[in-house]
Amino acid sequence: MIAMVDLKTQYHALKAEIDKAVLDAIESTQFILGPNVTAFEQETAAYLGAPYAVSCASGTDALHLAILAAGIGPGDEVITSPFTFIATAEAICYAGATPVFVDIDPQTFNLDPALVEAAITPRTKAVIPVHLFGQPANMTPIMAVCEKHNLLLIEDCAQSFGAAVNGKMTGTLGSLGCFSFFPSKNLGCYGDGGLVTCATAELAEQVKVLRNHGSRVRYHHSIIGYNSRLDDIQAAILRVKLKRIDEFNAGRRRVAQLYSELLKDVVSVPFEDGRGVHVYHQYTLLTNKRDVIMARLSEQQISSAVYYPIPLHKQDVFAEAYAGVRLPVAEDVANRCMSLPVYPEMPEESVRLVAETVKGAIVG
Ligand SMILES: Cc1ncc(COP(=O)(O)O)c(C=O)c1O
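Computed from a predicted model, the values in this text were never measured in an experiment.

Asks: Could you clarify how one ought to interpret unusual backbone geometry in this entry?
Replies: A negative phi angle characterises most non-glycine residues, just as the trans form characterises most peptide bonds. Between Tyr 307 and Tyr 308 the backbone carries a cis peptide bond, its omega angle lying at 10 degrees. The residue Tyr 308 is located in the loop between helix H10 (290–299) and helix H11 (316–319) in this model. The phi torsion at Asn 150 lies on the positive side, around 55 degrees, for a residue other than glycine. The exposure class of Asn 150 is exposed, given the 8 C-beta atoms found within 10 Å. The backbone of Gln 301 sits at a positive phi, close to 60 degrees, despite the residue not being glycine. Mapping Gln 301 onto the fold places it in the loop between H10 and H11.

Here's what the structure looks like:
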């Protein structure tokens, strides 16, 4: 059996340190906004080179809080990718704003910068590129368009912890960066968790207030906020893993490189645009034989998945509102993409077995 991710092997490798960190956090009884949360925020800001980092309860909340902190609300439009997890668009909707989906680049699956400018209207307030599957979006032209039209740039970094572009970490290129620590993410905790990087002290302060019931001083509430805090226990686990993130990401890249070497003649392997470091949250390829390959993998007890089968404008929740919208690249990619198992500790024999099975399904 080869799973998409193997969290147990990683836990067992770090068990002594993680168990101690968790037990120490429990012993401290400072469960909410305790010392591990503060330390983790500082360590993450330092690792990423971000001026400020404020943790919260999930990646979805990170997006929601960032959008609110940016002052985005009803009547505003936010340009984003249709080829992402629903949370990116959900968070825009939570704030009462409208997602405007712009098609993706067929090679990187990230927002196509050439199409962003044409989608801008007087209501556009922000652009949210997603660094999908761990590959940074094409930020230079996106940043230029945002600057030209005075739009906020909010990065969805849920899948890109540790990915860099133009020598800078994702999450430090816009005004706000939103991270997820869902267990299977490149940096994952043992439950839900998230974090917002902020370019200014004002934005960081706003996210802090929003995540804690609109409160700066206990029992004094200046705005309607949320209960969206990262648990101290989760922060303790994340601190142990943060120290190894480069090693984890190097492990993912090693797996991806071997897959690509073995599969380049039979499928369209992930394209690295050379602008940044791809950290392979997912190894996603394109093929016209997806069903056959997935069936063969499943017969061999090998997991595979389709991220994502339906672009957001075609989802039931959005289908009516976006009925006239055609995004041919996202629609085509959704029909042909599939993802193979990838995790830092994946043994070379497993990578070879998966690749051989994929090849066998295609070649017969
Ligand atoms: C691109 C993207 N954005 C946002 C999220 C939301 O993160 P979370 O599951 O931590 O709420 C995820 C992951 O689940 C994601 O992949």
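Asks: Where do I start with the site of the ligand in this structure?
Replies: In the region of the ligand, 15 residues are neighbours, and Ser 58, Gly 59, Thr 60, Ala 158 and Ser 180 sit closest. Taken together, the elements giving at least two residues each to the shell around the ligand come down to helix H3 (59–69) and helix H4 (87–94). A class-by-class count of the residues in the shell around the ligand yields five nonpolar, eight polar and two charged.

Asks: Would you take a moment to explain the pairing of strand E9 (residues 194–198) for this structure?
Replies: Counting buried positions along E9 yields five of five residues, so the element is predominantly enclosed. A two-sided burial pattern is seen for E9, the buried positions comprising Gly 194, Val 196 and Cys 198 on one face and Leu 195 and Thr 197 on the other. In this sheet, E9 lies alongside strand E1 (residues 52–56) in antiparallel orientation, the contact comprising five bridges. Across the sheet, Cys 56 pairs through a bridge with Gly 194, a residue of E9. Examined bridge by bridge, strand E8 (residues 176–180) and E9 share five bridges and lie antiparallel to one another. Paired with Cys 178 across the bridge in E9 is Val 196.

Rules used throughout
Residues numbered from 1 in each chain as written. Predicted model: local features only at pLDDT ≥ 70, side-chain atom pairs only at ≥ 80, totals over all residues. Helix = DSSP H or I, 4+ residues; strand = E, 2+ residues; numbered from the N terminus. Buried ≥ 20, exposed ≤ 12 C-beta atoms within 10 Å, placed from the backbone. Near = placed C-beta within 6 Å. Nonpolar A, V, L, I, M, F, W, Y, C, P; charged D, E, K, R; others polar. Pairing = 2+ DSSP bridges.

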